[in-house]
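Inside the fold
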Amino acid sequence: QVQLVESGGGLVQAGGSLRLSCAASESIFSFNSMGWYRQAPGKQRELVATITNGGTTNYADSVKGRFTISRDYVKSTLYLQMNSLKPEDTDVYYCNAYRSPRQLYDYWGLGTQVTVSS
């Protein structure tokens, strides 16, 4: 079973930066796409950013211009660089990876807490 382990969350002041990491237990070449999602209490999990194996990126409108998703194939790690953080970015952030067919090969980390103080 593929394991994804997030790290890098914590407490940061508004306007600050944080970099999240997602270490995969196998080569990320094997995934069609990887991404970051976030979920606040009482709300649905929402997409933050994704990147395909081919390098195509997609961002939620709320984070465009502030967050950057990237990969390190050598380290089998996915990153989310978060700049200009806002209190509304406070959430548990989850790493996701999948390969076709996604119904059978969809993997999630346990999440890392990001708290942005005002």
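Attention in this report is confined to the structure presented alongside it. Not measured: the values here are computed from a predicted model.

**Some details on the pairing of strand β3 (residues 18-24)**
Counting buried residues in β3 gives five out of seven residues, a clear majority hidden from the surface. Where strand β1 (residues 4-7) lies against β3, four bridges are found, and the strand directions are antiparallel. Among the inter-strand pairings, Glu6 is bridged to a residue of β3, identified as Cys22. The sheet contact formed by β3 and strand β8 (residues 77-82) spans six bridges and is antiparallel. Following the sheet pairing, Cys22 is matched in β8 by Leu78.

**Looking at the sheet that holds strand β7 (residues 67-72)**
In space, the four strands of this open sheet follow the order β1-β3-β8-β7, with antiparallel pairing throughout. Of all the strands in the sheet, the pair left with one neighbour each is β1 and β7. Strand-to-strand twist across the sheet, computed as the mean angle between neighbouring axes with direction ignored, equals 15°.

**What about unusual backbone geometry?**
Here Ser100 and Pro101 are connected by a cis peptide whose omega angle stands at -10°. You can see Pro101 is positioned in the loop between β9 (91-98) and β10 (106-108). Non-glycine residue Ser76 carries a positive phi angle of around 50°. Residue placement: Ser76 occurs in the loop between β7 and β8. The residue Ser84 is not glycine, and still its phi comes out positive at about 50°.

**Overview of the pattern of salt bridges**
Evaluated as defined, the whole model comprises seven salt bridges. Put simply, Glu26 and Arg99 hold a salt bridge, and the shortest N to O gap is 2.8 Å. In this pair, Glu26 is assigned in the loop between β3 and β4 (33-39) and Arg99 in the loop between β9 and β10, connecting sequence segments 73 residues apart. With relative accessibility at 28%, the residue Glu26 sits in the partly exposed group. Salt bridges sharing partners connect three or more residues here, namely Arg38, Glu46, Arg66, Asp89 and Asp91.

Basis of the calculations
- Residues numbered from 1 in each chain as written.
- Predicted model: local features only at pLDDT ≥ 70, side-chain atom pairs only at ≥ 80, totals over all residues.
- Heavy atoms only, no water.
- Buried < 20%, exposed > 50% of the residue type's maximum accessible area, 1.4 Å probe, protein only.
- Helix = DSSP H or I, 4+ residues; strand = E, 2+ residues; numbered from the N terminus.
- Pairing = 2+ DSSP bridges.
- Axes fitted to C-alpha atoms, helices over the stretch in contact; angles between N-to-C directions.
- Salt bridge = Lys/Arg side-chain N within 4 Å of Asp/Glu carboxyl O.

Taken by themselves, the reported measurements are silent on function.
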